[in-house]
Amino acid sequence: MNKFLDINPEVATALQKKQAVVALESTIISHGMPYPQNYETAVLVEKTVRENGAVPATIALIDGKIKIGLNDDEIKLLARKGSRVIKTSRRDIPYILSNKLTGATTVSATMIAAQLAEIKIFATGGIGGVHRDATETFDISADLQELAQTRVAVVCAGIKSILDPGLTLEYLETMGVPVLGYQTDELPAFYTRKSGFKVDYRLNNPQEIARLLQIKWELGLKGGVVIANPVPEADALDPDFMAQAIDKAITEQKKLGIKGKESTPFLLSKVKEFTQGKSLVSNIRLVLNNARLAAQIAQNM
Ligand code: PSU
Ligand code: MN
């Protein structure tokens, strides 16, 4: 085992016995939601994974180790510290580990950790992507490069419209990353079930998804797969209402000159503010929905 990994006993046993394990990220806890909803959600997500027959493994960098499976105190610490914890993507990992800092893993860093631990399925809310105006700003999430090279499937609620879904799909196509729709032909847009873009393929059950993943990796094709799971109908928000909130958030971001790794957390918190917290409720529900599907896929691997 990699000497920087610290896998908790429950997860280690499940992996040895080839039981279902679902990786979970921690930037969604520290930077994606406010306290205490972030803590409550992290706990509920783990519970949902368990109820659906898999072992949850929330991942973070703590004391010079990549921790696979956090305990309650560790989750609470990330939740309370929020953005004072370091948002950790691929490029940040060596620095955080060498200085024994606390790092919350984004999709890219969580995928790296999951692959090291041989966990194949990962559930989150939203992945990073190509931002609007990326042709000027070059703001393309490291998550996309990770999906191109790391063998982990990511269950998410599609491409958030703080991003440019069309450009994100083009990028993923270039990088050879399949975008699958779970029981949908249309790419969902996180808070809403529709984006105006098609997924590459529609798959209707967890068994079919597991089979596709096995074939991809048995062939030796590197890289991941995006599994886009639409927010449940009852938790979806009105598209026009969301579009207005997102446009307002992006205008504010530009005005304040917010760039780099601060962009996504800033936009998420502004969207929450401009929707009077409605986006947060929807966000929590869709994450739970993704945890359920990820556990079902993991059981069929
Ligand atoms: N989208 C969300 N919530 C989040 C994130 C994205 O709805 O918490 C986080 C994830 O950790 C994702 C990261 O990997 O933001 C992407 O950041 P960036 O755009 O800076 O690559
Ligand atoms: Mn970025």
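Scroll up for the structure.
What counts and what doesn't
Residues numbered from 1 in each chain as written. Chains lettered and ligands numbered in written order. Predicted model: local features only at pLDDT ≥ 70, side-chain atom pairs only at ≥ 80, totals over all residues. Heavy atoms only, no water. Phe/Tyr/Trp six-rings, centres within 6.5 Å; stacked < 30°, edge-to-face > 60°. Buried < 20%, exposed > 50% of the residue type's maximum accessible area, 1.4 Å probe, protein only. Lys NZ or Arg CZ within 6 Å of the ring centre and 35° of its normal. Helix = DSSP H or I, 4+ residues; strand = E, 2+ residues; numbered from the N terminus. Pairing = 2+ DSSP bridges. Near = heavy atom within 4 Å. Polar contact = N/O pair within 3.5 Å; in protein donor to acceptor, adjacent residues only side chain to side chain. Contact = heavy atoms within 4.5 Å.

**Side note on the packing of aromatic side chains**
Pairs of aromatic rings are described using the distance from one ring centre to the other and the angle between the two planes.
Next, step 1: Evaluated as defined, the whole model comprises one aromatic pair.
Next, step 2: Judged by centre distance (4.7 Å) and plane angle (90°), the rings of Phe190 and Tyr191 are edge-to-face.
Next, step 3: Looking at Tyr191, the relative accessible area reads 2%, which means it is buried.
Next, step 4: One residue, Lys160, lies across the ring of Phe190, its end atom 4.6 Å from the ring centre.
Next, step 5: Over the ring of Phe274 we find Lys248; its NZ or CZ atom is 4.2 Å from the centre of that ring.

**Focus: the pairing of strand E8 (residues 153–156)**
Next, step 1: Judged by which residues are buried, E8 turns out to be covered on both faces: Ala153 and Val155 on one side and Val154 and Cys156 on the other are all buried.
Next, step 2: As judged from the three bridges shared by strand E7 (residues 121–123) and E8, these two strands associate in the parallel manner. Residue Phe122 lies in a different strand from E8, and its bridge partner there is Val154.
Next, step 3: Bridging between E8 and strand E11 (residues 225–228) involves four bridges; their strand directions are parallel. Looking at E11, one finds that Val155 is bridged to Ile227.

**Here we look at unusual backbone geometry**
Next, step 1: The residue after Tyr35, namely Pro36, is reached through a cis peptide bond having omega 5°.
Next, step 2: Tracing the sequence through the fold places Pro36 in the loop between helix H2 (27–30) and helix H3 (37–51).
Next, step 3: Unlike most non-glycine residues, Gln276 shows phi in positive territory, near 50°.
Next, step 4: Within the element layout of this structure, Gln276 appears in the loop between helix H12 (263–274) and helix H13 (278–299).
Next, step 5: Among the residues examined, Gln276 registers a relative accessible area of 61% and is labelled exposed.

**Here's the deal with the site of ligand 1**
Next, step 1: As a structural note, the neighbourhood of ligand 1 is formed by 15 residues, with Glu25, Lys87, Ser141, Asp143 and Thr264 the closest of them.
Next, step 2: The separation between an oxygen atom of ligand 1 and a polar side-chain atom of Lys87 is 2.7 Å.
Next, step 3: Val107 places a polar main-chain atom, nitrogen or oxygen, 2.8 Å from an oxygen atom of ligand 1.
Next, step 4: Sorting the residues of the shell around ligand 1 by element identifies H2 and H12 as the ones contributing at least two each.

**Focus: helix H8 (residues 142–149)**
For an α-helix, 3.6 residues make a turn, and residues three or four places apart therefore share a direction.
Next, step 1: Along H8, the residues that are buried comprise Asp143, Leu144, Glu146, Leu147 and Ala148.
Next, step 2: On its buried face, H8 sits against helix H6 (107–117), E8, helix H9 (165–174) and E11.
Next, step 3: The opening residue of H8, the one whose side-chain oxygen lies 3.0 Å from the backbone nitrogen of Asp143, is Ser141.

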